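# Results of the structural survey
As a plain string of letters, each chain reads:
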Amino acid sequence: MMSLSGMPSASTMFQAYASLSTSITLLKTVLNQLLPQQLQLYIITKIRSYFRPNSSDVTLVIEERDGMGLNEVYTAAEIYLSARISPEFQRFKISKRPKDENMNVKFGNCGKITDSFEEIELIWKFVREAKKMISSFRDDDDGDFSEIRYFELSFSKEHKDRILNCYIPLVLNKAKAMCDEKKIVKLHSLASGNCYSSITWDTVNLEHPSTFETIALEPALKKTIIEDLDRFLKRKEFYRRVGKAWKRGYLLYGPPGTGKSSLIAAVANYLKFDIYDLEFSNIRRDADLRRLLLSTKNRSILVIEDIDCSVTMTERTENRTNHSANGRSRDPEVTLGGLLNFIDGLWSSCGDERIIIFTTNHKEKLDPALLRPGRMDMHIHLSYLTSESFKVLATNYLEIDDPLHRGFKEVQELIEGAQVTPAEVAEQLMKSEDPDICIEGLVKFLKRKRISNNEEMEKQEDANNISNGVTNNEVKRIKALSMI
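A brief report on the enclosed structure follows.

Reading the values: the criteria
- Residues numbered from 1 in each chain as written.
- Predicted model: local features only at pLDDT ≥ 70, side-chain atom pairs only at ≥ 80, totals over all residues.
- Heavy atoms only, no water.
- Patch = residues over 30% accessible without salt bridge, like charges linked within 9 Å, V, L, I, M, F, W, Y side chains within 5 Å.
- Areas by Shrake-Rupley, 256 points an atom, 1.4 Å probe, with all protein chains shown as cover.
- Salt bridge = Lys/Arg side-chain N within 4 Å of Asp/Glu carboxyl O.
- Helix = DSSP H or I, 4+ residues; strand = E, 2+ residues; numbered from the N terminus.
- Buried < 20%, exposed > 50% of the residue type's maximum accessible area, 1.4 Å probe, protein only.
- Polar contact = N/O pair within 3.5 Å; in protein donor to acceptor, adjacent residues only side chain to side chain.
- Contact = heavy atoms within 4.5 Å.
- Core = buried A, V, L, I, M, F, W, Y, C linked by side-chain atoms within 4.5 Å.

Where nonpolar side chains cluster on the molecular surface, the patch consists of L26, V30 and L34 and spans about 300 Å² of accessible area. Tracing the chain through its elements places L34 in helix α1 (residues 10-34). A residue is classified by how much of its surface remains accessible, and L34, at 65% relative accessible area, is exposed.

Rendered as structure tokens:
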């Protein structure tokens, strides 16, 4: 039915719209079933390019990752643009950590920043997208989603060569200078909810105050570590000449409380290297180890604490294959072979100036293959406190550097046989604001510690004698004779 004006009625238009929508939905369903997803994307891209008007501008896409590795241009752009928030910028993120002097301003999703270079106008655009990742290890159709981040840099097409050859190198150099000017050491840990296809890190400022001046180490050992680090930094060409990856492995071992974590912080603060804290409990497969290595930056420290008990690793000789409920094969968990390849295999060469630090309380439990040079190049034994290293703690906690201070000499004599850790002594030195009270309390603590250690040694000696067939009466008689 037509209206008086010759226009179709509302009901007729609604029926036509409903019919068209149904047809489009049906066509879309048929295409999805018949055409592969990649072919659909190709067709859509061609259609868009056909109807897109010719433009005098060109756009460079700078993605966060280049394959499996990081894109240095993206990182440099992020640093460079952080100081160029323009007035027309409409969406940004603002934050301030407790110890930050100034607020941190970053661009939000689809934020635009205008820049200029030799009178060339450039427009930066920051984009974040969620991309569905297809996993062969899942039975459902939901899949996992990974965040894709990239910059778009747009400018006039005629200036393409100038931008590529001059402006981009300028961004790289300025970003490096900004980092060198105020280097803040970062502590990275694996973000929760990591999936097989995505490795992301949560990051905070490393605010640990430990330095080589404040840690309680033997002066000779401290000097050896510093000299080794300095030598490592200067040998870039040497490593390249001999055909070795520019990395260094350290094993810190010793009883709990002897300062392994403090030494790691001191190394990071000395070198101004970021720390990546690797938790094996968050790693499912050997492939994840490779992704982790590629997602870390150069000039960084990768820390694997308690290597002897952080994960139960499959032996190199085993060839286990796990199966899911539907019978699909899955990669085995982290294997010792995968860890070895991660440390000094082909994948370890994907990066420069990297330090790998392992810690353990029980060196004897480690596989010998881990201990050889090239994997753990330098073994650093952090033992009980000595009289020399006690001087550092006394200076730090009590501001005492006078060896003639009351009780100071007695403490040094007791420490030598007490088998006490720096953490235990530090706890005693924090119990009062009065240095004399702290020293007095420490003397009592050390005396109790020595008595306890002697009793433990006697019990162990008795147990050894009994296990060797010596009776209790014979043990008592031997002790009595030894006291005559």
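Here the focus is unusual backbone geometry. For E119, which is not glycine, the phi dihedral falls at a positive 65 degrees. Structurally, E119 can be placed in the loop between β6 (112-117) and β7 (120-133). Unlike most non-glycine residues, K272 shows phi in positive territory, near 60 degrees. Residue position: K272 is located in the loop between α7 (260-271) and β12 (274-277).

Attention now moves to the side chain of R354. Checked against the element boundaries, R354 lands in strand β16 (residues 354-360). One polar contact links the side chain of R354 to the main-chain carbonyl oxygen of T296, over a distance of 2.7 Å. Among all residues touching R354, those that are not within four sequence positions of it are F232, W246, K247, R248, L293, T296, K297, N298 and S300.

All right, on to the pattern of salt bridges then. Within this structure, the stated rule accounts for 10 salt bridges. Residues E64 and R149 are paired through a salt bridge, measuring 2.6 Å at the closest nitrogen-oxygen approach. One end of the pair, E64, is in the loop between β1 (57-63) and β2 (65-66); the other, R149, is in strand β8 (residues 144-156), and 85 residues separate them in sequence. Between E388 and K391 there is a salt bridge, with its nearest N and O atoms 3.4 Å apart.

Counting 27 residues, the largest nonpolar core has I225, L229, L263, I301, I355 and I380 as the members making the most contacts within it. Residue assignment for this core shows that the elements contributing at least two residues are α5 (219-233), β11 (247-253), α7, β13 (300-304), β16 and β17 (378-381). Residue contributions to this core peak at six residues, all from α7. Sequence-distant contacts of I225, defined by excluding residues within four places in its chain, comprise F212, L217, L263, M378 and I380. Counting 25 residues, the second largest nonpolar core, distinct from the first, contains L251, I343, F358 and M376.

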